[in-house]
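Read off the chains here:
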Amino acid sequence: MNGLSEDDVAARLQSGLDNRAPDKTSRSLWQIFRANVLTLFNAIVGSSFLVLLFLGRWQDALFGLAAAGNAVIGVVQEFRAKRSLDRLAVLDAPRARVLRDGSIREIATADVVRDDILVLRAGDQVTADASVLEESGLEADESLLTGESDPVAKNAGAEVLSGSIIVAGHGKARVVRVGAESFASRLTADARRFSLVNSEIRNSLNRVLRWIAWAILPVAAVVINGEIQARGGWHAAVTTGTWTAAAVGVIASVIAMVPLGLVLLTSVAFAVGGLRLAGHKVLIQELAAVEGLARVDVLCMDKTGTLTEGGLRFEGVHQLTPAPAPGWQQALGWFATEPEANATARSLAAAFEDDGGSQSVSYIPFSSSRKWSGVSFGGGSGSTPTWILGAPEMVLGAAARQGGGAGGNSPALRSGQAPPAACLEAEPAPEQVLDQAGELARSGLRTLLLAASADGLSASGEDPALPRRLQPVALLTFREQARPDARETLDFFRAEGVELKIISGDDPRTVAAIARHVGLEISDGFDARQLPVDPTELEETMARHTVFGRVTPEQKKDMVAALQRRGHTVAMTGDGVNDALALKTADLGIAMDSAAPATKAVARLVLLDGRFDRLPEVLAEGRRVIANIERVSGLFLSKTAYSIAIAVTFGLLQWPFPFLPRQLSFTDGLTIGIPAFFLALMPNARRYRAGFLRRSLSFSLPAGLIVAASLLVLTAAAALDGPAGAGELRSAAVLTLSVVGLWILAVVSRPLTSGRAAVLAAMFAALIVLYNLPLAQDFFLIGWPPAGLMTAALLAGAGGGLAIEVLAWWHRRKFPR
């Protein structure tokens, strides 16, 4: 079997029979443009802009340029983030192993062509739909495709689907479907897609935008009637031409309701967060994940590769019998060099050599669900026994529960050292071996048992059985090195109120020892083989315990789901194939750099340099995004609230709308747009709390009503003081709105830092300068009103500011930080 030749590959590439798919790892430029430009609110803004140009009021159409600038900034920022994330995604993309011209090559998944021969090994994610040609114990986990968690045996002739994960054995398969026809591209695209969804912030803002969209038409109708009636009615407005001024007032009220910059700043904040984390070697596969870790209150971790460095060092042999079956050292050498050996078995190669003299006649590869592997060698019957290498409790568990075996529970057997010959006259009982393995595990060592049997090994069937009459030969111990950054990182999360859970497939005693080493105060780990099946009982068990061992991949997923049912937001870290299901189920899946391709594909974050201490940086970035967007949303939503309140009240009172569109652009820039851009990107370490929308609206709605009340008081006072010119009244209204708006800015900027104080001072200074700058006065039609009207404007602004202070005091008491 030589596979395809170069000419065969070239012919298929020319025919389009490669594995390239139309799906991208992120949104296309057209999708980005459409999301930022072709929106309902941009349609409203664009129509209003065109109407004002038609009426010759280009000065009042300034908001159109601002909206266009917002859209351009949004497109540019997101496209820059897309390019950076795409480059990282390409560097981190999984590769396929194929047989071509008689040699095995690793190529990009997109370069796989139809009829290629895939070389499949444990840990691989199948990159294209293929038909199995030959196999040795090949098992695939298709749970990401079908939802069925049990591994499926793949015999010759069976079809193995792209997107499934090889969990045991090895084999070769011919590709039958590629590209868009297969599962792989769709699965990878769904897992890796750049998106800004499934976020509390974005969902809340989208809800507010829908409310505003419903409110625009009825509010506009009220304003139209009020503007027309204020100008003598419909007949007079049409005959005298004052309808144009009424149209300008209507447009001003409608545009004021639209929070033009809020969605932009949200997108920019997420995109900038993704770029910042990319600089720290963290790949964000979904930008909403920037906020994800900030919302997490339970962090589940795999031990190997997360708390430990992932590499294993062989520690020693603890012989269990005085005269073990011959060839046990050669058997360990064979297990160490077998092509499908896992990392634990491979570490035996430093101590045991395979002389190549043993030929296997039957082999069962290691499976994370069985937790053992086995081999039978050819030769005389009984002279070369079957060898089993696996977790002691899985290999001897049934015999121990039955009380089988012989031997005494001697101290020598429990010491962790090879016992003297006098103690080994009889084969130890299974429970003695398990006791000794437990003592070793409690010291932080990983243990495996080598056992022998004169019976042959049957590798047929979907659930291979252990041979009978197993003889324990030796306990093998391995040591893992804890990551130097693990203790500090876990201390950080505990200090931040994040609950920690360690979920591992290893012996719970070993996992507990590692957990104690990195600073967790726990006694023993919980054996996942005793996990209850009942969902409610599982939830209670998860609440009571911190460390879990001997967890199967399906159990990991169930445990994450149990925490979620309790209302927790769960993050899961891992690097093994057995972590993929749990990472997919978790609210935030985090893969290490050493993770299998399938695990990386379903993760939302990938730590490209494998540094566990990157997670606090991710948490800090998420908190910055959430807290700053909540901060600036108070500005934008307050504006929407007072715009609606002013439009409705002035319309019902049949008073002209108190601002021109250009004047609202002036106040928006000073009190909302410019400061919000800086505030959204500043440091902010405030802890996340659920209820973002409720907190924002509980401040924004009353603040908007206070602003509207201040303007009503000003207008009423001006009427009592005698008729004022329309221009003077508008200037006074702009002054009042600026004062109260800057007061709201001061409140939402607290606690003040040097940066926030500088932004606030700059906006106050800009207000004074622009009110005294002739060019600004002429363009925005503003100026200092007469003394009496200016006094009323300042008093109305100060009264509104004091009311904002009372509101802020109430808000702090109701929602303490």
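All figures in this text were calculated on a predicted structure; none of them were measured in a lab. (Residues numbered from 1 in each chain as written. Predicted model: local features only at pLDDT ≥ 70, side-chain atom pairs only at ≥ 80, totals over all residues. Heavy atoms only, no water.)

Quick notes on the overall build of the protein chain
- Counting its secondary structure elements, the protein chain contains 29 helices and 21 strands.
- Going through the 817 residues of the protein chain one by one, you find that 55% of them count as buried.
- Pairs at least 24 apart in sequence give 73% of the contacts found in the protein chain among residues at least 6 apart.
- Summed over all atoms, the accessible surface of the protein chain reaches about 32900 Å², with 57% contributed by carbon and sulfur. (Helix = DSSP H or I, 4+ residues; strand = E, 2+ residues; numbered from the N terminus. Buried < 20%, exposed > 50% of the residue type's maximum accessible area, 1.4 Å probe, protein only. Contact = heavy atoms within 4.5 Å. Areas by Shrake-Rupley, 256 points an atom, 1.4 Å probe, with all protein chains shown as cover.)

Considerations on unusual backbone geometry
- Here the bond from Arg750 into Pro751 is cis, since omega is -5°, no more than 30 degrees from zero.
- Positive phi, close to 50°, is recorded for Asp101, a residue that is not glycine.
- Within the secondary structure, Asp101 sits in the loop between strand E1 (95–100) and strand E2 (103–108).
- We note that Asp115 has phi near 80°; this positive angle belongs to a residue other than glycine.
- Position of Asp115 among the secondary structure elements: in the loop between E2 and strand E3 (117–121).

Looking at the environment of Met542
- Structurally, the position occupied by Met542 is in helix H19 (residues 535–544).
- Taking C-alpha positions, Met542 is 9.1 Å from Val560, a pair spaced 18 residues apart along the chain.
- If we ignore the near neighbours within four places in the chain, the residues touching Met542 are Lys501, Ile503, Phe548, Met559, Ala562 and Leu563.

Quick word on the side chain of Arg483
- Position of Arg483 among the secondary structure elements: in the loop between strand E15 (471–482) and helix H17 (486–495).
- In this structure Arg483 is buried but unpaired, with Asp485 as the nearest side chain of opposite charge at 4.9 Å. (Lys, Arg positive; Asp, Glu negative; His and termini not counted. Salt bridge = Lys/Arg side-chain N within 4 Å of Asp/Glu carboxyl O.)

Side note on the side chain of Ser347
- Note on placement: Ser347 falls in the loop between helix H14 (343–346) and strand E11 (360–364).
- Residue Ser347 is classed as buried on the basis of its relative accessible area of 13%.

Thoughts on the sheet that holds strand E18 (residues 547–549)
- Ordered by their spatial adjacency, 8 strands build an open sheet running E8-E21-E20-E19-E9-E16-E18-E17, and the pairing between neighbours is mixed. Each having just a single partner strand, strand E8 (282–284) and strand E17 (526–527) make up the two edges of the open sheet.
- Here helix H18 (residues 508–517) sits on the sheet in contact with strand E16 (499–503), E17 and E18, set at roughly 145° to E18.
- Relative to the sheet, helix H23 (residues 615–652) contacts E8, strand E9 (298–301), strand E19 (570–574), strand E20 (588–592) and strand E21 (605–607), its axis offset from that of E21 by approximately 145°. (Pairing = 2+ DSSP bridges. Axes fitted to C-alpha atoms, helices over the stretch in contact; angles between N-to-C directions.)

Some details on the nonpolar core
- Formed by 116 residues in total, the largest nonpolar core has its most connected members in Leu293, Phe659 and Ile744.
- Looking at which element gives the most residues to this core, the answer is H23, with 15 residues.
- Dropping the residues within four chain positions of it, Phe659 is found in contact with Ala252, Ile646, Leu664, Leu711, Arg730, Ala733, Val734 and Leu737.
- With 28 residues, the next largest nonpolar core counts Ala528, Val551, Ala582 and Ala603 among its residues. (Core = buried A, V, L, I, M, F, W, Y, C linked by side-chain atoms within 4.5 Å.)

Some points on the environment of Asn225
- Inspection of the secondary structure puts Asn225 in helix H7 (residues 200–230).
- Through-space distance from the C-alpha of Asn225 to that of Val250 is 9.5 Å; in sequence the pair is 25 residues apart.
- Asn225 has contacts with Trp234 and Gln654, leaving out every residue within four places of it along the chain.

With respect to the pairing of strand E7 (residues 165–177)
- Pairing between E3 and E7: 5 bridges, direction antiparallel. Looking at the pairing, Leu120 lines up with Gly171 of E7.
- Relative to E7, strand E4 (residues 129–141) runs antiparallel, the two being bridged by 10 bridges. Looking across to E7, one finds that Ser136 is bridged to His170.

With respect to the packing of H7 against helix H25 (residues 692–720)
- The contact between H7 and H25 brings their axes to 9 Å, and the two run at 45°. As summarised for this structure, H7 and H25 are arranged oblique, according to the angle between their axes. Side by side, H7 and H25 meet where Glu200, Ile201, Ser204, Leu205, Arg207, Val208 and Trp211 of the first sit next to Phe692, Leu693 and Leu697 of the second. (Parallel < 35°, antiparallel > 145°, perpendicular 65-115°, else oblique.)

Some points on the pairing of E15
- In terms of residue burial, E15 counts as a mostly covered element, since 9 of its 12 residues are buried.
- Pairing of strand E14 (residues 446–453) with E15, which is carried by 7 bridges, proceeds in the antiparallel orientation. Bridge pairing in E15 places Leu450 opposite Ala474.

Some remarks on a nonpolar patch on the surface
- Residues Trp30, Phe33 and Leu38 make up a contiguous nonpolar surface patch of roughly 320 Å² in combined accessible area.
- With respect to the element layout, Phe33 can be found in helix H2 (residues 29–37). (Patch = residues over 30% accessible without salt bridge, like charges linked within 9 Å, V, L, I, M, F, W, Y side chains within 5 Å.)

So, helix H27 (residues 754–772)
- An ideal rise of 1.5 Å per residue puts 27 Å on 19 residues; H27 measures up with 27 Å between its terminal C-alpha atoms.
- Those residues of H27 that are buried are in contact with H23, helix H24 (661–680), helix H26 (726–748) and helix H28 (774–780). (Expected span 1.5 Å × (residues − 1).)

A look at the packing of aromatic side chains
- Tallied over the full model, the rule gives 14 aromatic pairs.
- Judged by centre distance (5.5 Å) and plane angle (80°), the ring pair of Phe650 and Trp655 falls under edge-to-face.
- Relative accessible area serves as the criterion here: at 2%, Phe650 is assigned to the buried category. (Phe/Tyr/Trp six-rings, centres within 6.5 Å; stacked < 30°, edge-to-face > 60°.)

Things to note about the pattern of salt bridges
- Summed over the entire model, instances satisfying the criterion amount to 29 salt bridges.
- Arg105 is paired through a salt bridge with Glu6; the nearest N and O atoms lie 2.4 Å apart. Taken together, the residues span a long stretch of sequence, with Arg105 in strand E2 and Glu6 in helix H1 (residues 6–14) at a distance of 99 residues.
- Members of the salt-bridge network, linked through shared partners, are Glu6, Asp101 and Arg105.

A look at the confidence of the model for the protein chain
- Residues at a pLDDT of 70 or more form 83% of the protein chain, whose mean pLDDT is 80.
- Low pLDDT, under 50, characterises residues 187–197; the stretch is placed with 40 contacts to residues that sit more than four places away or in other chains.
- Note that residues 402–425 has pLDDT below 50 and, in this model, 43 contacts with residues that lie over four places away or in other chains. (pLDDT = per-residue confidence, 0-100.)

Structural notes on the packing of H19 against helix H20 (residues 553–565)
- The N-to-C vectors of H19 and H20 enclose an angle of 85°; their axes lie 9 Å apart at closest approach. With respect to H20, the axis of H19 lies roughly perpendicular. Contacts between H19 and H20 involve Pro535, Leu538, Glu539 and Met542 from the former and Asp558, Met559, Ala562, Leu563 and Arg565 from the latter.
- A class-by-class count of the residues in the contact of H19 with H20 yields 6 nonpolar, no polar and 3 charged. (Nonpolar A, V, L, I, M, F, W, Y, C, P; charged D, E, K, R; others polar.)

Some remarks on the environment of Gly171
- Of note, Gly171 is situated in strand E7.
- A relative accessible area of 8% means that Gly171 is categorised as buried.
- Residues Gly171 and Leu138 lie 33 residues apart in sequence; the distance between their C-alpha atoms is 6.4 Å.
- Dropping the residues within four chain positions of it, Gly171 is found in contact with Leu118, Val119, Leu120, Glu134, Glu135 and Leu138.

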